[in-house]
Amino acid sequence: MAKDRAKIWAKTALTEDGWQKDVLVDITADGRIAGVTPDSPPGGHRADCLLPAPANCHSHAFQRAMAGLTERRGPDPRDSFWTWRRLMFRFLDRLDPDQVEAIAAFVQMEMLEAGFGTNVEFHYLHHQPDGRPYANLAEMAGRVVSAANDTGIGLTLLPVHYEFGGCDRRPLSAGQVRFGNSEAQFARLVDASRRALSSLGPDARLGVAPHSLRAVAPQSLGATAALVPEGPVHMHLAEQPAEVDEVLAAYGRRPTEYMLDSGLPDGRWCLIHATQMTPAETTGLAATGAVAGLCPITESSLGDGIFDGVRFLGHGGRIAVGSDSNIRISLAEELRTLEYSQRLRDGTRAALATPDRSTGRRLYEAVCAGGAASAGREGGRIAPGLWADLLALDTSLPDLDGLAGDTLLDSFIFAAGQDAIADVWSAGRHLVRGGRHIARDAIAARYRDAIHRLRSGL
Ligand code: ZN
């Protein structure tokens with residue numbers, strides 16, 4: 001049976017032509033925006049304020065189950081990213097495919113409830129705990145796809161290539177063997193992932209991700225990117241000082257310098273964690289057209305450092321936000337944390353505002369455009385022809401009542417809670433209604449069962 005075209009009418013909407021009133025959005029049966037008509041009489045689903053729902057550009061879904069478990073000091077006198085990483089590897093000894101699917105569904109549900117329309121999954125947990133592949137090489141990728149079938153989120157799946165335990169090409173440690181593939185096996189995994197994705201709707205996309213300069217041979221970056229020539233390419237760039245030092249010692253250049261000299265980054269690329277860049281690297285990366293994939297909540301949690309957003313955006317750089325470790329999934333909080341990091345560093349206010357755009361407006365439009373690019377997805381704006389990835393705010397809440405335009409957006413980002421998000425659509429699929437995902441109870445029950453088994457005896 002053919003699906004009917006859907007209509008959403010909003011009192012106000014941030015369209016490609018700016019703020020407009022009484023906007024009717026017409027959506028095709030396959031989930032694309034057919035028309036955007038301001039000054040229309042009400043019809044269809046009624047919303048207060050309609051915004052594009054951006055993509056979440058970076059996630060390792062399984063890490064959601066570790067959220068809050070790593071806040072005690074480890075044996076090192078100065079706890080750091082690396083102690084967190086050791087606990088993550090212990091956790092990995094236990095995860096099975098059913099648990100991964102349950103966790104991924106919970107994460108995707110939370111992303112939708114937080115206002116994200118798309119999950120760009122940087123997927124590197126491929127194999128059994130001892131490193132042997134599952135009978136189906138893409139077993140785990142298939143579980144992420146199954147989760148997306150249950151939640152309805154737009155999925156851009158990035159199979160991750162992870163070959164070495166460090167720049168010196170040491171073998172993978174016990175904690176890393178679930179990630180590893182030879183080049184040939186990785187090519188087969190990409191093909192199998194493509195087949196797994198075919199069970200989703202036409203908005204699902206495949207990309208590819210060389211993990212980092214620590215985990216892949218730099219010479220093979222181009223070949224890895226060429227495995228999915230039509231999709232986005234993501235890579236962890238420069239998150240931690242120790243990582244920068246390791247790359248510098250091995251290759252004579254810092255990671256961002258290395259990538260800029262390689263000439264590889266362009267509009268297809270999204271470089272994740274740009275927290276350790278010099279001013280020259282920041283302006284150089286901005287000029288490539290690559291997206292900087294920022295994860296301000298996780299980068300704060302892990303003490304990674306502060307991305308230079310003022311300089312990067314000032315030089316025309318493109319940004320997206322992701323939830324990475326998924327310790328907390330919130331679109332508004334990612335944007336708020338990014339802006340506050342600039343203020344704390346510089347002693348300023350409205351650090352990322354411009355003369356014609358408020359802080360919230362500039363950030364929101366930037367991550368919608370950059371998020372769509374990072375996902376390889378036709379989205380990021382309320383405009384005909386694009387996927388209907390949409391978010392409706394409830395402006396009757398005290399924090400938003402009576403506000404309009406950029407001030408309304410600023411108040412959503414800086415003042416309101418997650419309950420401001422009333423509805424979310426991904427490619428026209430109406431998945432969050434009244435602030436709750438339509439399958440929340442079942443997805444949450446499955447997640448609780450998975451983490452009970454996982455956490456017992458950790
Ligand atoms: Zn990451």
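Just so it is clear, the structure is predicted and the values come from calculations on it, not from any experiment.

Chemist: How would you summarise the coordination of the zinc ion if you had to cite specific residues and measurements?
Modeler: Put simply, a metal with four donors set out as a tetrahedron has ideal angles of 109.5 degrees, and one with six donors set out as an octahedron has ideal angles of 90 or 180 degrees. Listed as protein donors to the zinc ion are His58 (NE2), His60 (NE2), His236 (NE2) and Asp324 (OD); their distances from the metal cover 2.1 to 2.7 Å. Coordination of the zinc ion draws on donor residues from a single chain, spaced H-x1-H-x175-H-x87-D in sequence. Assessed through its relative accessible area of 0%, His58 is described here as buried. By relative accessible area, His60 is classed as buried at 3%.

Chemist: So what's going on with the domain arrangement of the chain? Residues and values would help.
Modeler: Entries for the chain in the domain assignment read domain 1 (6-52 + 382-442) and domain 2 (55-375). Computed from C-alpha coordinates alone, the two centres of domain 1 and domain 2 are separated by 28 Å. With 27 residues of domain 1 at the interface, the matching set in domain 2 holds 32 residues. Taking both sides of the interface into account, the surface hidden between domain 1 and domain 2 amounts to around 2400 Å²; carbon and sulfur atoms contribute 58%. On the domain 1 side of the interface with domain 2, the three residues burying the most area are Ile413, Phe414 and Gln418, jointly 26% of the side's total. Scanning the region where domain 1 abuts domain 2 turns up three salt bridges. Counting the contacts that link domain 1 with domain 2 gives 14 residue pairs in polar contact (both at pLDDT 80 or more). Secondary structure elements with two or more residues in the side of domain 1 that touches domain 2: strand S2 (18-27), strand S4 (45-52), helix H13 (405-414), strand S15 (421-426), strand S16 (429-433) and strand S17 (436-437). Counting residues per element, the side of domain 1 that touches domain 2 draws most heavily on H13, at six residues. By residue class, the composition of the side of domain 1 that touches domain 2 is 16 nonpolar, five polar and six charged.

Chemist: Describe in detail the packing of aromatic side chains, supporting the description with residues and values.
Modeler: Overall, the coordinates contain eight aromatic pairs when judged by the stated rule. Geometrically, the ring pair formed by Phe106 and Tyr447 is stacked, given 3.9 Å between the ring centres and 0 degrees between the ring planes. Of this pair, Phe106 sits in helix H2 (residues 97-113) while Tyr447 is found in helix H14 (residues 440-455), placing the two residues 341 residues apart along the sequence. Residues Tyr340 and Phe414 carry aromatic rings whose centres are separated by 5.7 Å and whose planes lie at 40 degrees to one another, so their mutual orientation is tilted. Placement of Tyr340 in helix H11 (residues 331-346) and of Phe414 in helix H13 is noted, with a sequence separation of 74 residues between them. Three or more aromatic residues joined by ring pairs make a cluster, and in this case those are Phe62, Tyr124, Tyr162 and Phe179. Above the plane of the ring of Trp387 lies Arg32, whose end atom (NZ or CZ) is 4.0 Å from the centre.

Chemist: Which residues make up the nonpolar core, and what values do they have?
Modeler: Core analysis: the biggest nonpolar cluster contains 116 residues, and Leu51, Leu95, Phe307, Ile319, Tyr364, Leu393 and Phe412 have the highest contact counts within it. Ranked by the residues each element gives to this core, the list is headed by H2, at nine residues. Residues lining this core come from more than one domain, with at least three contributed by each of domain 1 (6-52 + 382-442) and domain 2 (55-375). Look past the residues within four positions of Tyr364 in its chain and what remains in contact with it is Leu51, Pro52, Ala53, Pro54, Leu331, Leu335, Leu391, Leu409, Phe412 and Ile413.

Chemist: I'd like a description of the sheet that holds S4, backed by residues and values.
Modeler: Spatial ordering of the open sheet is given by S3-S2-S1-S4-S14-S15-S16-S17, a layout of eight strands whose pairing is mixed. The two strands at the open ends of the sheet, each matched to only one other strand, are strand S3 (33-37) and S17.

Chemist: An account of helix H8 (residues 279-288) is needed here, citing residue identities and associated values.
Modeler: Three or more residues of H8 are buried, namely Glu281, Thr282, Leu285 and Ala286. Buried positions in H8, seen along its axis, are confined to an arc of 135 degrees and lie on one side of it. Opposite the buried face of H8, at more than 90 degrees from it, the exposed residues are Ala280 and Ala287. Where H8 is buried, its residues contact strand S10 (233-238), helix H7 (255-262), strand S11 (269-274) and helix H10 (309-314). Directly after H8, the chain includes Gly289, whose backbone phi takes a positive value near 85 degrees.

Chemist: Provide a residue-level description of unusual backbone geometry, including the pertinent values.
Modeler: Phi at Asp22 is positive, roughly 50 degrees, even though this residue is not glycine. Among the secondary structure elements, Asp22 is positioned in strand S2. Phi is positive for Asp324, close to 45 degrees, though the residue is something other than glycine. Inspection of the secondary structure puts Asp324 in the loop between strand S13 (318-321) and H11.

Chemist: Please set out the pairing of strand S14 (residues 390-393) residue by residue, giving values where relevant.
Modeler: Both faces of S14 are covered, namely the face carrying Leu390 and Ala392 and the face carrying Leu391 and Leu393. In terms of strand pairing, S4 meets S14 through four bridges, oriented antiparallel. Across the sheet, Pro52 pairs through a bridge with Leu390, a residue of S14. Judged from the four bridges that link them, S14 and S15 form a sheet pairing that is antiparallel. The partner of Leu393 across the bridge, within S15, is Ile421.

Chemist: Any chance you could break down the environment of Thr37 for me, citing the residues and the numbers?
Modeler: By secondary structure assignment, the location of Thr37 is in strand S3. Taking relative accessible area as the criterion, Thr37 reaches 41% and is therefore assigned partly exposed. Once the C-alpha coordinates of Thr37 and Asp26 are considered, the two residues, 11 residues apart in sequence, prove to be 8.4 Å apart. Setting aside its immediate chain neighbours within four residues, Thr37 contacts Asp22, Val23 and Leu24.

Conventions and cut-offs
Residues numbered from 1 in each chain as written. Predicted model: local features only at pLDDT ≥ 70, side-chain atom pairs only at ≥ 80, totals over all residues. Heavy atoms only, no water. Donors = N, O, S within 2.8 Å, 3.2 Å for Na, K, Ca; no water. Buried < 20%, exposed > 50% of the residue type's maximum accessible area, 1.4 Å probe, protein only. Domains from an automatic or database assignment. Contact = heavy atoms within 4.5 Å. Buried area = accessible area lost by both parts, 1.4 Å probe. Salt bridge = Lys/Arg side-chain N within 4 Å of Asp/Glu carboxyl O. Polar contact = N/O pair within 3.5 Å; in protein donor to acceptor, adjacent residues only side chain to side chain. Helix = DSSP H or I, 4+ residues; strand = E, 2+ residues; numbered from the N terminus. Nonpolar A, V, L, I, M, F, W, Y, C, P; charged D, E, K, R; others polar. Phe/Tyr/Trp six-rings, centres within 6.5 Å; stacked < 30°, edge-to-face > 60°. Lys NZ or Arg CZ within 6 Å of the ring centre and 35° of its normal. Core = buried A, V, L, I, M, F, W, Y, C linked by side-chain atoms within 4.5 Å. Pairing = 2+ DSSP bridges. Arc of directions from axis to C-beta.

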